[in-house]
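Structure at a glance
Residues per chain, in single letters:
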Amino acid sequence: MTALGIVGTGSHLPEREVTNKELAEWCGIDAEWIEQRTEIITRRYAAPGEATSDLAVRAAARALHAADIPAGALTHLIVATSTPDSPQPPTACLVQHALGADAAACFDINVVCSGFVYGLELARSLLASGSGGHALVIGADVYSRILDHGDHRTAVLLGDGAGAAVVGPVPDGHGFLGSELSSSGDAHRLIRVEAGGSRTPLTPQLLEEGGHFFRMDGRGVRDFVMDHVPPALDRLLRRSGVPAERVDHVVPHQPNGVLLRRLVERAGLSHAQTHRTLEKYGNIGSASVPVALDAARRSGALGDGDLVLLAGFGGGMSIGATLIRWQEQT
């Protein structure tokens, strides 16, 4: 069977930069507090009228260009997002239309911040089943529309952006080596947007009360991540037959700089190069991993044959990780 891997990446961040000073004024806190607690300095917000699909299309076009693959050659198009343009239709279909990817089967997935890694495994499985061609996986979120600036512990973390990867055939010995996906539904209350679905439809009263805002139990999330993510990464590496010390690069979800440093250390991956974009972009949900991966690729840090570990974790609670032997891209 032909090996499959990532053959091109791309990303797009909105133009508007929001500084800690600006956020501090909105939230009624100190700008230095934000950087000390999160290590985030700036983040990007989408412009009025700019939606998730708009960011996704730009990131996708760059990934296709990097892979030298025309949109018409795609067989699958997956958008990972928890902030779709609208409940229906799938945001992926809007992206398909904008790109001209007319031959692609399109769908959205919502695994919050793990979504891009889940999407990669779905793309790999679909192509490996015999469909052939190439798949486009996009992680995109616009969290600025659901932030409560009265809740400074969440408002300072999140921003908007999109990242994408083209999945297709790679030389033998390269590509995906294994994946680890897991969910812990008993912890579903840790990260949530309570109103706007079939259980709690969004009404004028709930909108006024902020029922549509992003909510998070920060301490509970921290404990979940530290307790569950390192064992998940260990399971993936053991199953792939790769000792942790052989991993060259870690491309993680970017929730908070302090948490991220502690997580990498607990997972026994401090020796690897950890690729971070949170200082400039904050937590951009399902876009965090692909944006960081694209930044690492464009910087020239990823060498041919390097072992690259992608790790997403977020609402659900969910964990998604994949190990890749990188193919150098021109």
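Here the structure is a predicted model, which is why all the values come from computation and not from measurement.

Estimates place the volume of the largest pocket at around 1100 Å³. Around the largest pocket, the lining comprises 35 residues; the ones closest to its centre are Ser82, Pro84, Val193, Ala195 and Gly196. By residue class, the composition of the lining of the largest pocket is 15 nonpolar, 13 polar and seven charged. A volume near 700 Å³ is recorded for the second largest pocket. Around the second largest pocket, the lining is made up of 30 residues, and of these Leu157, Met216, Gly218, Arg219 and Asn256 lie nearest the centre. If you list the elements that add at least two residues to the lining of the second largest pocket, you get helix H2 (31-38), helix H6 (152-155), helix H8 (218-240), helix H9 (257-266) and strand E13 (307-314). The dominant element in the lining of the second largest pocket, judged by the number of residues it contributes, is H8, at five residues.

Before going further, it helps to spend a moment on the sheet that holds strand E5 (residues 105-109). Spatially, the five strands line up as an open sheet ordered E1-E7-E6-E4-E5, and their pairing is mixed. The open sheet has two edge strands with one neighbour each: strand E1 (4-12) and E5. Averaged over all neighbouring strand pairs, the angle between strand axes comes to 20 degrees, with direction disregarded. Across the sheet, helix H11 (residues 288-299) lies against E1, strand E6 (134-142) and strand E7 (160-169), angled at about 100 degrees from E1, the strand it touches most.

It is worth spelling out the environment of Ala47 at this point. For Ala47, the position within the fold is in the loop between strand E3 (42-45) and helix H3 (52-67). Put simply, Ala47 and Ala73 are 26 residues apart on the chain and 31 Å apart in space, counted from C-alpha to C-alpha.

This brings us to the UniProt feature "domain: Beta-ketoacyl-[acyl-carrier-protein] synthase III N-terminal" (unreviewed entry) in the chain. The UniProt record marks residues 107-185 with the feature "domain: Beta-ketoacyl-[acyl-carrier-protein] synthase III N-terminal" (unreviewed entry), using the residue numbering of this structure. For residues 107-185, helix accounts for 27% and strand for 39%, while the C-alpha atoms at its two ends are 23 Å apart.

Time to look at the packing of aromatic side chains. This structure, assessed with the given rule, holds two aromatic pairs. Plain terms: the ring middles of Tyr143 and Phe214 are 5.7 Å apart, the flat faces sit at 75 degrees to each other, and that makes the pair edge-to-face. Here the residue Tyr143 occupies a position in the loop between E6 and H6, and Phe214 occupies one in the loop between helix H7 (204-209) and strand E10 (215-216), the gap between them amounting to 71 residues. Grouping residues by exposure puts Tyr143 and Phe214 together as buried.

The next point concerns the nonpolar core. In terms of nonpolar packing, the biggest core is built from 49 residues, with Leu233, Val247 and Leu269 touching the most fellow members. Broken down by secondary-structure element, the contributors of at least two residues to this core are helix H1 (20-27), H2, H8, H9, E13 and strand E14 (318-325). Top element by residues in this core is H8. It accounts for nine residues. Beyond its immediate chain neighbours, meaning those up to four positions away, Val247 contacts Leu237, Val242, Leu269, His271, Ala272, Leu307 and Leu309.

Cut-off values and rules
Residues numbered from 1 in each chain as written. Predicted model: local features only at pLDDT ≥ 70, side-chain atom pairs only at ≥ 80, totals over all residues. Heavy atoms only, no water. 1 Å grid on protein atoms, 1.4 Å probe; cavity = no way out; pocket = protein on both sides within 12 Å on 5 of 7 lines; lining within 4 Å. Points joined across faces, edges and corners; volume = space filled by probe spheres on them. Nonpolar A, V, L, I, M, F, W, Y, C, P; charged D, E, K, R; others polar. Helix = DSSP H or I, 4+ residues; strand = E, 2+ residues; numbered from the N terminus. Pairing = 2+ DSSP bridges. Axes fitted to C-alpha atoms, helices over the stretch in contact; angles between N-to-C directions. Contact = heavy atoms within 4.5 Å. UniProt positions renumbered as here; feature names shortened; annotations may be inferred. Phe/Tyr/Trp six-rings, centres within 6.5 Å; stacked < 30°, edge-to-face > 60°. Buried < 20%, exposed > 50% of the residue type's maximum accessible area, 1.4 Å probe, protein only. Core = buried A, V, L, I, M, F, W, Y, C linked by side-chain atoms within 4.5 Å.

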